[in-house]
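Fold and geometry: a report
The lines below spell out each chain.
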Amino acid sequence: MKTILGHRARVLAATTATAGLVLVAGCSSDDDGGSGTKTAAGGVELVKAGQLTTCTHLPYPPFQSEIDGKVQGFDVALIDLAAKDLGVQQEILDTPFENFKTGAFLNSGECDLAAAGMTITDERKKNVDFSDPYFDATQALLVDKGSGITSLADVKSKKVAIGAQAQTTGEDYAKSQGFDPVSFESSDAVLNGLRSGQVKAVVIDYPVVQGWLKTKANADAFQVAEQINTGEQYGFTVKKGNTKLLAAINKALAEAKSDGTYKTLYEKWIGPYDESAASASPSAS
């Protein structure tokens, strides 16, 4: 039986300052009654004048989360580059993750794009258009250090509860291996489920686990039992047919990879730089 724990929906305004994104309560004030233009540089049409509106799902460190009152992370920083090229600011809307599969918030005109550490899949391509891949990711099996679990086979043989974040590759993979994982609404809820003993193991993106284990208390309590290569790549999404915005995002990604910005951001948010992450081939259209 699955348990989905809570969700938030609020608006987070973001600047393009390199120091990070500033958390602002309430909605943006640039609904200017038509005095502004919704067309940015390169003829990119935006849902709101003067801003690039990004749907995400918080928290999902190191890709996007609130740190000291600011929305920060690897995804945030990369999209900030595209916003700067367009001559606008990025604003982030925190939404339920399940909307990213359907493209609902893109189709309804609430967001220009979605950035949520999202795996490129053929099923999702039916509803949204993906950018070029910007990150190669693997899954990790995280367990309590005293659990005696060293693999997914142990999880199965010991018949212990396993958890994953809802609507993610980790959950899909666990199901494909014959598990019925406890479903958590956010990555933080996944970790809390493991910490509280609700589950004895979790399958989640390895970069997320890397971020958790940077905290001494987590490193003392938990360990990676197994890394799982699912061949997944992350991409940003736009509404189907939004070719100009997609081109602007891909251009920003390509430039960041060629001028060293990508490497700098990768090392800041993810860890030691993996050359393969910057050489991922473009996704099929």
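Before reading on, note that the structure itself is shown above.
Throughout this document, residue positions are counted from 1 along each chain, in the order its sequence is written. A pLDDT threshold of at least 70 governs which residues receive local features in this predicted model, and a stricter bar of 80 or more applies before side-chain atom pairs are shown or counted, although totals over entire chains, interfaces and linings include all residues. Processing note: side-chain calculations cover all non-hydrogen atoms of the structure and skip hydrogens and water entirely.

Some remarks on the environment of Glu45
- Looking at where Glu45 falls in the secondary structure, it is placed in the loop between β2 (21–22) and β3 (51–56).
- Here's how the labels work: a residue is buried when its accessible area is under 20% of the maximum for its type, exposed when over 50%, partly exposed in between, all with a 1.4 Å probe on protein chains only. Taking relative accessible area as the criterion, Glu45 reaches 48% and is therefore assigned partly exposed.
- Residues Glu45 and Lys244 lie 199 residues apart in sequence; the distance between their C-alpha atoms is 8.1 Å.
- What makes two residues a contact is simply this: any of their non-hydrogen atoms within 4.5 Å. Setting aside residues up to four positions removed in sequence, Glu45 forms contacts with Lys38, Thr39 and Asp112.
- At 2.7 Å, the side chain of Glu45 forms a polar contact with the side chain of Thr39. Elements are defined by DSSP. Helices are runs of H or I of four residues or more, strands are runs of E of two residues or more, and each kind is numbered from the N terminus. In the analysis that follows, any N or O atom pair within 3.5 Å is treated as a polar contact, provided that within protein one partner can donate a hydrogen and the other can accept it, and provided that, for residues neighboring in sequence, both atoms belong to side chains.

Some points on the sheet that holds strand β9 (residues 135–144)
- In space, the five strands of this open sheet follow the order β11-β10-β12-β9-β13, with mixed pairing throughout. Two strands in the sheet have a free side with no partner beyond their single neighbour: β11 (182–184) and β13 (222–234). Across the sheet, the mean angle from the axis of one strand to that of its neighbour is 25°, orientation sign disregarded.
- Here five bridges tie β9 to strand β12 (residues 201–205), and the two strands are oriented antiparallel to one another. Directly across from Leu142, in β12, lies its bridge partner Val202.
- Axes here mean lines fitted to C-alpha atoms, for a helix over just the part in contact, with angles spanning 0 to 180 degrees between N-to-C directions. Running over the sheet, helix α6 (residues 169–176) touches β9, β10 (162–165), β11, β12 and β13 and is turned about 100° from β13. Here, any two strands with at least 2 DSSP bridges between them count as paired.

Description of helix α7 (residues 187–196)
- Inspection of α7 places Ser187, Ala189, Val190, Leu191, Gly193 and Leu194 among the buried residues, and these make up the whole buried set.
- Gly197 sits one or two residues past α7 and shows a positive phi near 85°.

Let's talk about the packing of aromatic side chains
- Pairing of aromatic rings covers Phe, Tyr and Trp, the last counted by its six-membered ring, and requires centre-to-centre distances within 6.5 Å; plane angles under 30 degrees mean stacked, over 60 mean edge-to-face, and any other angle means tilted. For the structure shown, the criterion picks out 14 aromatic pairs.
- Measuring from ring centre to ring centre gives 6.3 Å for Phe63 and Phe74, while their planes differ by 65°; the resulting arrangement is edge-to-face. Highlighted residues: Phe63 in the loop between β3 and β4 (65–67) and Phe74 in helix α1 (residues 74–86), separated in sequence by eleven residues. We note that Phe63, like Phe74, is buried.
- Criterion for a charge above a ring: Lys NZ or Arg CZ within 6 Å of the ring centre, and within 35 degrees of the ring normal. Seen from the ring of Phe179, Lys156 lies directly overhead, with NZ or CZ sitting 5.1 Å from the centre.
- The ring centre of Tyr262 lies 5.5 Å from the NZ or CZ of Lys257, which sits over that ring.

Re the side chain of Glu232
- Relative to the assigned elements, Glu232 resides in strand β13.
- Notably, Glu232 is buried but unbridged: the nearest opposite-charge side chain belongs to Arg124, and the N-O separation is 7.4 Å.
- Of note is the side chain of Glu232, whose polar atom sits 2.9 Å from the side chain of Thr119.
- Only 2.7 Å separates the side chain of Glu232 from the side chain of Gln139, close enough to count as a polar contact.
- What Glu232 contacts, discounting residues up to four positions off in sequence, is Thr119, Phe135, Asp136, Ala137, Gln139, Thr169 and Asp205. All tallies of charge rest on Lys and Arg as positive and Asp and Glu as negative; His and the ends of each chain are not included. One side-chain nitrogen of Lys or Arg within 4 Å of one carboxyl oxygen of Asp or Glu is enough to make a salt bridge.

Section: unusual backbone geometry
- A cis amide bond, omega -5°, links Leu58 with the succeeding residue Pro59.
- Relative to the assigned elements, Pro59 resides in the loop between β3 and β4.
- At the junction of Pro61 and Pro62, the peptide bond is cis and its omega measures out at 5° in the coordinates.
- Here Pro62 is to be found in the loop between β3 and β4.

Some thoughts on helix α11 (residues 261–269)
- Listed in full, the buried residues belonging to α11 are Tyr262, Leu265, Tyr266 and Trp269. Projected onto a plane normal to the axis of α11, the buried residues spread over an arc of 105° and lie on a single side.
- Positive backbone phi, at 145°, marks Gly271, one or two positions downstream of α11. The reported arc concerns the directions from the helix axis to the C-beta atoms and nothing else.

A word on the state of the cysteines
- Pairs of cysteine sulfur atoms within 2.5 Å are what we label disulfides. Throughout the structure, instances matching the rule amount to one disulfide.
- Here Cys55 pairs with Cys111 through a disulfide, and the sulfurs are 2.1 Å apart. Between Cys55 and Cys111, the S-S torsion sits near 70°, and that sign places the bridge as right-handed. With Cys55 in strand β3 and Cys111 in the loop between α3 (104–107) and β7 (113–114), this residue pair connects regions lying 56 residues apart in the sequence. Cys111 matches Cys55 in its accessibility class, with the two residues each being buried.

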